[in-house]
Amino acid sequence: MNLLKKFSPFYNLALFYIIVSFVLRIVLMFHPITQTSFVFIDSLKIFTIGIVSDLFVFVIATGFLWLYLIFISNSKYYKPYGYIIFVFFVALFLYIASGKTILNEYGGALPKIGLIFVGLKTLLFGLLLFLPKHRDKIRFWLFTFVMFLYVVLILQNGISEYFFWNEFGVKYNFIAVNYLVYTNEVIGNIMESYPVIPLFSALFLIAGTVTYFIVKRTRNYIDTIPTFPEKLKISAIYLALFAIALYAVPSLAKKENSQNVFTNELQANGMYRFYLAFMNSELDYFKFYKTLPENEAFALLGKQIPSISGVSTLRQIKSDSTEITKNVVLITIESYSADFMKMYGNDQKITPFLDDLAQKSLLFTNLYAVGNRTVRGLEAVTLCFPPTAGESVVKREDNKNKFSTASVFKQKEYNVKFLYGGDAFFDNMEDFFTGNGYDIIDKKTFAPEEITFANIWGVCDEDMANKAIKTMNTEAKTGKPFFNHWMTVSNHRPFTYPNDKIDIPGDSKSREGGVKYTDYALRKFFAMASKQPWFKNTVFVILADHCASSAGKTELPVDKYRIPAMIYSPGFIQPKKYTNVMSQIDVMPTLFGLLHFNYQSKFYGQDVLKSDYKPRALIATYQDLGLIKDNVLTILSPKQAVKQFQLNLKPDQKTAPDFQIYYDQVPLKSERTDLVNEAISYYQTASDILKKKKYQQVK
């Protein structure tokens, strides 16, 4: 019984963690984004397997608590050991402060975190060493702080999981890992998006109250510090549980096998999901996915992409007309779902300019984004390459000298630039674009007087529009054609922008406001551009990088991947609606076709206006790889899993036939093996080409 009391810090915190996890699951079950219903067996798995998994994750997560409690003693402060240990801490602190440690090699916030941690440890050890009369009181407050810290972390994790679900409709995944890396932007985004002061005030108030009761029930541990034999018994029991947990947590994760995606997500433990995402940011296709013999995979790909042969996508693109040299401005719009626009059924009137421009453009009404992150959209329009498993090529180490739209323009002697209102360091964009021949215009290049408004993501789209016009005017004077790729930023949480520009206040922080302000900024850009001498010789390509949300009832909800896209060039591009299914990776090859470019291509993307194009689209998350073809969605997933869904069109009476966008995804009764193999041919060959470094520039 006495030994059980010594475990009181563990089981009291564990009880609190289970209560928070239980409440969180209930909240998420009834969240509006959870678009499903749960049968009894689903609910049973969520609240039994899920909570057991939480308990074992908690055992692993309290490893630091075990170390802290085990090392509480008085003997280590006796002479001369106390002084030796204190000198060691001081020396360690000075060593980290010198800036020559391994922490500095990793960079970021790690050196500062290490310095603070060791500094606090040194200070506290010194206080306990040199103030023996106050040692019990100091130890009590330190113990209270440790309990408070664990309570705060448990609450903070619950709140973070809620907001992550609110944004993406899933537990932590690769996106959460990426956000952890870019702490400045993410913390700034949180500060500007949510009522941080009330939120954290409530958090600390609740945490303080909970800590008071936990400390009251557990302070016996420091009032009567366990003896060495008792600590050995405590350690033996804890380490045994720890070993069991290391086996149990991944085993229980394998039980996340329901047909209902939301059941699997709610059953999962968020912290373990985060760990998996961190450890598996790149997935080896050949280890985790269904494959075909190499020659067979490339032969199948050759039937989908005309003119390729062998184990390569290299082919000659020849036009039967004279090449047309025009400036090209590619505008990728942040988080811009098709259903924001009137022509897709939206009645909020938040895209008046783009709705008007669409009527004057070659409009692609049935186009799908390849993924749900900006880097995926940038990869798609730059490399015209399928979204391979794991991280985008943009964020991989091997991301330079790729065959890209820039390399084609460079061969045609174009000036090539990437324009971004934020810091291009974010999401590794700077490394990727400079490594592929782009000059970069980002926030760092702005003079103070060029910035009228900025938030954590960068300058507002109006400021970037003004900068873009200046840049293009300068380029036009060189006598060489230019290709400029502009990535917008304003339509991103926290959705703040200058006031008095549109009829939605800039400080209302609404997505509708962000959408409408970007539309307003684009109107201003085109108004300025139309007055420039280079305008008549320029083609404008406008499309979204990805949709605003990709959460749905299935792994890849097709309706959440449709994005608007258009090519505008008065007097050159005739207004027309192109209604066949196509992918984001097809946009630039189609543009090259309109310009009658002759070039050697490695693109997976195709000119959709050619008669031999076979309609299809590629959509994906970091793990689930999809092919849309013949009204069937085929999904390849890790562990060689394959799913197929019949896509049944549900016409929306508000829209014209060209814009019917609502699909009902019904599991296919019998497998379409031909489509499974076609999906494999796209993703397996793409993974193989990247792995073997065969997607480099053509010399």
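For the structure, check the block above.
Notes on the structure follow. (Residues numbered from 1 in each chain as written. Predicted model: local features only at pLDDT ≥ 70, side-chain atom pairs only at ≥ 80, totals over all residues. Heavy atoms only, no water.)

### Some remarks on the overall build of the protein chain
And then number 1: Summing up its helical and strand segments, the protein chain has 26 helices and 19 strands in all.
And then number 2: Here the protein chain has a C-alpha radius of gyration of 29 Å; the compact-globule value for 699 residues is 27 Å, and the two agree.
And then number 3: In the protein chain, the share of contacts with a sequence separation of at least 24, taken over all contacts with a separation of at least 6, comes to 74%.
And then number 4: Side chains of the protein chain give 76 positive and 60 negative charges; the mean places of these two sets differ by 6 Å. (Helix = DSSP H or I, 4+ residues; strand = E, 2+ residues; numbered from the N terminus. Rg over C-alpha atoms; globule rule 2.2 N^0.38 Å. Contact = heavy atoms within 4.5 Å. Lys, Arg positive; Asp, Glu negative; His and termini not counted. Charge placed at Lys NZ, Arg CZ, Asp CG, Glu CD.)

### Notes on the sheet that holds strand 3 (residues 362-364)
Backbone hydrogen bonds are what pair the strands of a sheet, in a parallel or an antiparallel way.
And then number 1: Taking strand neighbours across the sheet as the criterion, the eight strands line up as 6-5-9-2-10-11-3-12 in an open arrangement whose pairing is mixed. The sheet terminates laterally at strand 6 (439-441) and strand 12 (576-578), the two strands that pair on one side only. Ignoring strand direction, the axes of neighbouring strands in this sheet form an average angle of 15°.
And then number 2: Alignment of strand 2 (residues 327-333) against strand 10 (residues 538-544), held across seven bridges, turns out to be parallel. When the sheet's bridge partners are listed, V328 is paired in strand 10 with V539. (Pairing = 2+ DSSP bridges. Axes fitted to C-alpha atoms, helices over the stretch in contact; angles between N-to-C directions.)

### Let's talk about the packing of aromatic side chains
How two aromatic rings sit relative to each other is set out by the distance from centre to centre and by the angle between their planes.
And then number 1: Under the criterion given, the structure shown has 53 aromatic pairs.
And then number 2: A centroid spacing of 5.9 Å and a plane angle of 80° characterise the contact between Y172 and F274, whose relative ring orientation is edge-to-face. Here Y172, found in the loop between helix 9 (135-168) and helix 10 (174-181), pairs with F274, found in helix 16 (residues 270-279); they are 102 residues apart in sequence, far enough to count as distant.
And then number 3: Of the residues examined, Y172 reaches a relative accessible area of 11% and is grouped as buried.
And then number 4: The interplanar angle of 25° and the centroid separation of 6.1 Å between the aromatic rings of Y272 and Y275 together place this pair among those described as stacked. Linking Y272 with Y275, this pair stays in helix 16, spanning three residues, or about one helical turn. (Phe/Tyr/Trp six-rings, centres within 6.5 Å; stacked < 30°, edge-to-face > 60°. Buried < 20%, exposed > 50% of the residue type's maximum accessible area, 1.4 Å probe, protein only.)

### Overview of the pairing of strand 10
And then number 1: In terms of burial, strand 10 is a largely internal element, seven of the seven residues being buried.
And then number 2: Neither face of strand 10 is exposed, since T538, F540, I542 and A544 on one face and V539, V541 and L543 on the opposite face are all buried.
And then number 3: In this sheet, strand 11 (residues 565-568) lies alongside strand 10 in antiparallel orientation, the contact comprising four bridges. Within the sheet, the bridge partner assigned to F540 lies in strand 11 and is Y568.

### Let's talk about empty space enclosed by the protein
And then number 1: Under the defined criterion, the tally for this structure stands at three cavities of 30 Å³ or more.
And then number 2: The space that makes up the largest cavity amounts to roughly 90 Å³.
And then number 3: Together, 13 residues line the largest cavity, and Y17, S21, L24, N157 and E161 are the ones closest to its centre.
And then number 4: Listing elements by their share of the lining of the largest cavity, those giving two or more residues are helix 2 (8-29) and helix 9.
And then number 5: When residues of the lining of the largest cavity are assigned to their parent elements, the largest contribution, five residues, is made by helix 2. (1 Å grid on protein atoms, 1.4 Å probe; cavity = no way out; pocket = protein on both sides within 12 Å on 5 of 7 lines; lining within 4 Å. Points joined across faces, edges and corners; volume = space filled by probe spheres on them.)

### Section: the side chain of T518
And then number 1: Structurally, T518 is set in helix 24 (residues 511-529).
And then number 2: Those residues in contact with T518, other than ones at most four positions away along the chain, are I333, D461, T488, S490 and N491.

### What to know about the pairing of strand 9 (residues 482-487)
And then number 1: Among the six residues in strand 9, six count as buried, and that is most of the element.
And then number 2: Burial along strand 9 is two-sided: F482, N484 and W486 and F483, H485 and M487, pointing in opposite directions, are all buried.
And then number 3: Sheet topology note: the strand 2/strand 9 ladder contains five bridges and is parallel. Bridging from a neighbouring strand, I331 pairs with W486 of strand 9.
And then number 4: Pairing of strand 5 (residues 415-420) with strand 9, which is carried by six bridges, proceeds in the parallel orientation. By the bridge assignment, L419 is partnered in strand 9 with W486.

### A closer look at the pattern of salt bridges
And then number 1: Summed over the entire model, instances satisfying the criterion amount to 31 salt bridges.
And then number 2: The partner of D398 in a salt bridge is K693, and the shortest N-O contact between them spans 3.2 Å. Note that D398 is positioned in the loop between helix 20 (374-383) and helix 21 (405-411) and K693 in the segment after helix 26 (673-691), a separation of 295 residues in sequence.
And then number 3: In this structure D398 comes out as partly exposed when scored by relative accessible area, which is 30%.
And then number 4: Sharing partners across several salt bridges, the network here consists of R373, E391, K395 and D427. (Salt bridge = Lys/Arg side-chain N within 4 Å of Asp/Glu carboxyl O.)

### Comments concerning the nonpolar core
And then number 1: Of all hydrophobic cores here, the largest spans 123 residues; its most connected members are L354, F409, F525, F540 and I542.
And then number 2: No other element matches the eight residues that helix 26 contributes to this core.
And then number 3: Those residues in contact with I542 that sit more than four places away from it in its chain are I331, I333, L354, L357, F526, P564, A565, M566 and Y568.
And then number 4: Judged by nonpolar contacts, the second largest core, of 41 residues, contains A14, I70, M147 and Y221. (Core = buried A, V, L, I, M, F, W, Y, C linked by side-chain atoms within 4.5 Å.)

### Overview of the packing of helix 2 against helix 9
The geometry of a pair of packed helices is captured by two quantities: the angle between their axes and the separation between those axes.
And then number 1: Their axes nearest at 10 Å, the elements helix 2 and helix 9 cross at an angle of 15°. Classed by the angle they form, the pair helix 2 and helix 9 counts as roughly parallel. In this structure, the crossing between helix 2 and helix 9 has a hand that is right-handed. For the pair formed by helix 2 and helix 9, the contact residues are P9, L13, F16, Y17, V20, L24, V27 and L28 on the first element and F143, M147, Y150, V151, I154, L155, G158, E161, Y162 and W165 on the second.
And then number 2: When grouped by side-chain class, the residues that make up the contact of helix 2 with helix 9 number 16 nonpolar, one polar and one charged. (Parallel < 35°, antiparallel > 145°, perpendicular 65-115°, else oblique. Left-handed = near helix turned anticlockwise from the far one by under 90°. Nonpolar A, V, L, I, M, F, W, Y, C, P; charged D, E, K, R; others polar.)

### Looking at the side chain of R376
And then number 1: With respect to the helices and strands, the residue R376 is situated in helix 20.
And then number 2: With a relative accessible area of 3%, R376 lands in the buried category.
And then number 3: Of the polar contacts made by the side chain of R376, one reaches the backbone oxygen of T388; its length is 2.6 Å.
And then number 4: Beyond its immediate stretch of four places on either side in the chain, R376 contacts V370, G371, P387, T388, A389, G390, E391, S392 and Y622. (Polar contact = N/O pair within 3.5 Å; in protein donor to acceptor, adjacent residues only side chain to side chain.)

This is a description of form; function is not addressed.
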